[in-house]
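Below, each chain spelled out in residue letters.
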Amino acid sequence: MEFYDESVQTAIDSQNASYIKSKIREKIARTSVTVCMVSALTYSSAWVDWELETSFAKGNKLIFMGLKNGPETIRLPALAKQLGLPWYLWDHDHLARLIEAK
């Protein structure tokens, strides 16, 4: 499996949310799967919510994974709860199978 990482590697030099969203939207446009790394506070990020909603509206498959040494209980972002999507412990091979099961 090969990853094509479209995450924002360097900070976007702007305080303008519309501009930042346009730059992130360009990256989302080139993807078909969105993997959300969940932690104890992921659910509380408005940016995560927006990125997930934008990815879902585009038709991306959404996958939620967390690290095994993370919190005992994970609160998923609103869209994941709304769609009834599960989260998985990080496992590269399992992620590959989830992506291929598209």
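Residues numbered from 1 in each chain as written. Predicted model: local features only at pLDDT ≥ 70, side-chain atom pairs only at ≥ 80, totals over all residues. Heavy atoms only, no water.

- Looking at an unreviewed UniProt entry, the chain carries the name Thoeris protein ThsB TIR-like domain-containing protein, with the source organism given as Bradyrhizobium japonicum.

## Quick word on the overall build of the chain
Line of reasoning, step 1. Along the backbone of the chain there are four helices and three strands.
Line of reasoning, step 2. Going from N to C terminus, the chain has its helices and strands arranged as α-β-α-β-α-β-α.
Line of reasoning, step 3. Out of the 102 residues belonging to the chain, those deemed buried represent 29%.
Line of reasoning, step 4. Contacts in the chain between residues far apart in sequence, at least 24 positions, make up 64% of those at least 6 positions apart.
Line of reasoning, step 5. Looking at the chain as shown, the accessible area adds up to about 6,900 Å², and 52% of this sits on carbon and sulfur atoms. (Helix = DSSP H or I, 4+ residues; strand = E, 2+ residues; numbered from the N terminus. Buried < 20%, exposed > 50% of the residue type's maximum accessible area, 1.4 Å probe, protein only. Contact = heavy atoms within 4.5 Å. Areas by Shrake-Rupley, 256 points an atom, 1.4 Å probe, with all protein chains shown as cover.)

## Considerations on the packing of aromatic side chains
Line of reasoning, step 1. In total, this model carries one aromatic pair according to the counting rule given.
Line of reasoning, step 2. Look at tryptophan 47 and tryptophan 50: their rings are 6.2 Å apart centre to centre, the planes differ by 80 degrees, and that puts the pair in the edge-to-face class. A residue pair is termed a helical-turn pair when its members lie 3 or 4 positions apart in one helix, as tryptophan 47 and tryptophan 50 do in helix α2 (residues 46-58) at three residues.
Line of reasoning, step 3. We classify tryptophan 47 as partly exposed; its relative accessible area is 35%.
Line of reasoning, step 4. Note on tryptophan 50: relative accessible area 12%, which makes it buried. (Phe/Tyr/Trp six-rings, centres within 6.5 Å; stacked < 30°, edge-to-face > 60°.)

## Quick word on the environment of leucine 67
Line of reasoning, step 1. By the secondary structure assignment, leucine 67 is in the loop between β2 (61-66) and α3 (78-83).
Line of reasoning, step 2. Residue classification places leucine 67 among the partly exposed residues on the basis of a relative accessible area of 49%.
Line of reasoning, step 3. Sequence spacing of leucine 67 and tyrosine 88 is 21 residues, and the spatial spacing of their C-alpha atoms is 8.7 Å.
Line of reasoning, step 4. Ignoring any residue separated from it by four or fewer positions in sequence, one finds leucine 67 in contact with Met37, Val38, Leu89 and Trp90.

## Side note on the packing of helix α1 (residues 17-28) against α2
Line of reasoning, step 1. With their axes 11 Å apart at the nearest point, α1 and α2 run at an angle of 45 degrees to one another. For the element pair α1 / α2, the angle class is oblique. Our pair here, α1 against α2, has a crossing hand that is right-handed. In this structure, α1 uses Ala17, Ile20, Lys21, Ile24, Arg25 and Ile28 to contact α2, whose residues at the interface are Trp47, Trp50, Glu51, Thr54, Ser55 and Lys58.
Line of reasoning, step 2. Looking at the contact of α1 with α2 residue by residue, the class counts come to six nonpolar, two polar and four charged. (Axes fitted to C-alpha atoms, helices over the stretch in contact; angles between N-to-C directions. Parallel < 35°, antiparallel > 145°, perpendicular 65-115°, else oblique. Left-handed = near helix turned anticlockwise from the far one by under 90°. Nonpolar A, V, L, I, M, F, W, Y, C, P; charged D, E, K, R; others polar.)

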